[in-house]
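Residue-level listing of the chains:
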Amino acid sequence: QVRLVESGGGLVPPGGSLRLSCAASGSIFSVNAMGWYRQVPEKQRELVATITSIHTTDYADSVKGRFTITRDNAKNTVWLQMNSLKPEDTGVYHCTASIWPSDGGPLEDVWGQGTQVTVSS
């Protein structure tokens, strides 16, 4: 079984920075795209950033120039560096990954449990 574990959330004032991390563990053959979404109450889950296995990245317009997504394929880990944070960045950030399991099963879209990010003075 494959799981994703996030860390790095917290409370930060406007203009501050946080770095989220997400590690995949379990019976993994390989990991395709990885990404971060955020969830705000009463709103749909929103794509924040994605990165492919060859490090091609994509960002929501609202975070371009402020957030950077990176990954280490050898460690099956993805990070989200968030700078110049704004109150509207507040939400639960979920990591996701498309993973080929080592048992030869189909590609799985796996989600982490989420980590809370609060931007407030």
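Here, the structure is the one placed above.
Since this is a predicted model, take the numbers as computed values, not measurements. (Residues numbered from 1 in each chain as written. Predicted model: local features only at pLDDT ≥ 70, side-chain atom pairs only at ≥ 80, totals over all residues. Heavy atoms only, no water.)

Caption draft 1: Quick peek at the overall build of the chain. Broken down by element type, the chain carries zero helices and eleven strands. Secondary structure elements of the chain, listed N to C terminal, follow the sequence β-β-β-β-β-β-β-β-β-β-β. Relative to a compact globule of 121 residues, whose C-alpha radius of gyration would be 14 Å, the chain shows 14 Å and is just as compact. Referenced to the eigenvectors of the C-alpha coordinate spread, the extents of the chain come out at roughly 50 × 25 × 20 Å. Considering only contacts within the chain whose residues lie at least 6 apart along the sequence, 56% involve residues at least 24 apart. When the accessible surface of the chain is split by element, carbon and sulfur atoms take 50% of a total near 6400 Å². For the chain, the centre of its 10 positive side-chain charges and the centre of its 11 negative side-chain charges are spaced 6 Å apart. (Helix = DSSP H or I, 4+ residues; strand = E, 2+ residues; numbered from the N terminus. Rg over C-alpha atoms; globule rule 2.2 N^0.38 Å. Contact = heavy atoms within 4.5 Å. Areas by Shrake-Rupley, 256 points an atom, 1.4 Å probe, with all protein chains shown as cover. Lys, Arg positive; Asp, Glu negative; His and termini not counted. Charge placed at Lys NZ, Arg CZ, Asp CG, Glu CD.)

Caption draft 2: Molecular detail of the environment of glycine 114. Within the secondary structure layout, glycine 114 lies in the loop between strand E10 (108-111) and strand E11 (115-119). Overall, the relative accessible area of 17% leaves glycine 114 in the buried class. Separated by 19 residues in sequence, glycine 114 and cysteine 95 place their C-alpha atoms 6.8 Å apart. Not counting the four nearest positions on each side in its chain, glycine 114 is found in contact with Glu6, Val92, Tyr93 and His94. (Buried < 20%, exposed > 50% of the residue type's maximum accessible area, 1.4 Å probe, protein only.)

Caption draft 3: Representation of the pairing of strand E7 (residues 67-72) in the model. In E7, alternate side chains face the same way, and those of Phe67, Ile69 and Arg71 are buried while those of Thr68, Thr70 and Asp72 on the opposite face are not. Between E7 and strand E8 (residues 77-82), which pair antiparallel one after the other, the connecting turn spans four residues, and asparagine 76 there sits at a positive phi close to 50°. (Pairing = 2+ DSSP bridges.)

Caption draft 4: Structural context of the sheet that holds E7. The sheet built from four strands is open, its strands ordered E1-E3-E8-E7 with antiparallel pairing. In this open sheet, the two strands that pair with only one neighbour each are strand E1 (3-7) and E7. Neighbour to neighbour, the strand axes of the sheet diverge by 15° on average, direction disregarded. The pairing of E1 with strand E3 (residues 18-25) spans five bridges and is antiparallel. Along E3, the bridge assignment pairs valine 5 with alanine 23. (Axes fitted to C-alpha atoms, helices over the stretch in contact; angles between N-to-C directions.)

Caption draft 5: Quick look at the environment of serine 121. Tracing the backbone shows serine 121 in the segment after E11. Its relative accessible area of 91% is what places serine 121 among the exposed residues.

Caption draft 6: Summary view of the nonpolar core. Residues Trp36, Leu80, Met82, Tyr93 and Ile99 are the most contacted members of the largest nonpolar core, which totals 30 residues. Counting only elements with at least two residues in this core, the list comes to E3, strand E4 (28-39), strand E5 (46-51), E7, E8, strand E9 (91-101) and E11. Non-local contacts of tyrosine 93, meaning those with residues more than four positions away in its chain, are made with Glu6, Leu20, Trp36, Tyr37, Arg38, Val48, Phe67, Leu80, Met82, Gly114, Thr115 and Val117. (Core = buried A, V, L, I, M, F, W, Y, C linked by side-chain atoms within 4.5 Å.)

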